[in-house]
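# Fold and geometry: a report
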Amino acid sequence: MNINDKDARVKYIRALERFLGSCVNALKNENFDFLLFVKRAEKGLKTLQKVEPVRLDSTYTNLLQNYVTLVSNSIANLEGIDIEETHRRLLKEANLLEKEKYRGSYKKDKHKAQGFDDGY
């Protein structure tokens, strides 16, 4: 993997994460406005199209790509959709994505009190 591949990969992942962050901010807003969310998501999708897609291997990055697809599908056809249900679903998926991102850093020692005793 040469430097340019790595740069392109980082650039693409950052763009995906920026898109996710923008969506999450809009979704978690107390005064959630679906039309405003659609505008924001469309703007994010345009920015994302400028970045060259790269093949990603990790679970988290694949979930990021799936989230982008989910959002674009959700806002593509606005006729007769349940706004509350769409809002709830997008927010749930975003939360699951964040959980996946930080999955390894939340390990807690189970049974800490019964730790290793070497006899001294």
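Computed from a predicted model, the values in this text were never measured in an experiment.

This part covers the overall build of the protein. A tally of regular secondary structure across the protein gives 4 helices and 0 strands. Start at the N end of the protein and walk to the C end: the helices and strands fall as α-α-α-α. Counting only carbon and sulfur atoms, one obtains 49% of the accessible surface of the protein, whose full area is about 9,400 Å².

Tallied over the full model, the rule gives 4 salt bridges. Close ionic contact of R88 with E85 constitutes a salt bridge, the shortest N to O distance being 3.2 Å. Here R88 pairs with E85, and both are found in helix α4 (residues 83–101), just 3 residues apart, close to one helical turn. A residue is classified by how much of its surface remains accessible, and R88, at 49% relative accessible area, is partly exposed. Relative accessible area serves as the criterion here: at 37%, E85 is assigned to the partly exposed category. Salt-bridge contacts for R103 lead to E100; the nearest nitrogen and oxygen are separated by 3.2 Å.

Let's shift gears to the side chain of E100. Here E100 shows up in helix α4. In contact with E100, not counting residues within four places along its chain, are T59, Y60 and L63.

Another aspect to go through is the packing of aromatic side chains. A ring pair, where both rings are aromatic, is described by two values, the distance of the centres and the angle of the planes. Inspection of the entire model under this criterion finds 3 aromatic pairs. With centroids separated by 6.2 Å and ring planes inclined at 65°, the aromatic side chains of F32 and F34 adopt a geometry described as edge-to-face. Look at F32 and F37: their rings are 6.0 Å apart centre to centre, the planes differ by 50°, and that puts the pair in the tilted class.

All right, on to the nonpolar core then. Core analysis: the biggest nonpolar cluster contains 29 residues, and L16, L20, F37, Y67, V71 and L90 have the highest contact counts within it. Elements that contribute at least two residues to this core include exactly α1 (3–28), α2 (34–50), α3 (59–76) and α4. Counting residues per element, this core draws most heavily on α1, at 10 residues.

Among the secondary structure elements, L97 is positioned in helix α4. The spacing of L97 and L20 is 77 residues in sequence and 9.1 Å in space, taken between C-alpha atoms. With residues up to four places along the chain from it excluded, the contact list for L97 reads L20, Y60, L63, L64 and Y67.

Helix-helix packing: each pair is described by the crossing angle between the helix axes and the interaxial distance. Taken N-terminus to C-terminus, the directions of α3 and α4 make an angle of 170°; their axes are 10 Å apart at the nearest point. As judged from the angle between their axes, α3 and α4 are roughly antiparallel. Between α3 and α4 the crossing geometry is left-handed. Listed contacts from α4 to T59, Y60, L63, L64, Y67, L70, V71 and S74 of α3 are T86, R89, L90, E93, A94, L97, E100 and K101. When its residues are assigned to classes, the contact of α3 with α4 shows 9 nonpolar, 3 polar and 4 charged.

Calculation notes
- Residues numbered from 1 in each chain as written.
- Predicted model: local features only at pLDDT ≥ 70, side-chain atom pairs only at ≥ 80, totals over all residues.
- Heavy atoms only, no water.
- Helix = DSSP H or I, 4+ residues; strand = E, 2+ residues; numbered from the N terminus.
- Areas by Shrake-Rupley, 256 points an atom, 1.4 Å probe, with all protein chains shown as cover.
- Salt bridge = Lys/Arg side-chain N within 4 Å of Asp/Glu carboxyl O.
- Buried < 20%, exposed > 50% of the residue type's maximum accessible area, 1.4 Å probe, protein only.
- Contact = heavy atoms within 4.5 Å.
- Phe/Tyr/Trp six-rings, centres within 6.5 Å; stacked < 30°, edge-to-face > 60°.
- Core = buried A, V, L, I, M, F, W, Y, C linked by side-chain atoms within 4.5 Å.
- Axes fitted to C-alpha atoms, helices over the stretch in contact; angles between N-to-C directions.
- Parallel < 35°, antiparallel > 145°, perpendicular 65-115°, else oblique.
- Left-handed = near helix turned anticlockwise from the far one by under 90°.
- Nonpolar A, V, L, I, M, F, W, Y, C, P; charged D, E, K, R; others polar.

Remember that the coordinates give geometry; whether it matters functionally is a separate question.
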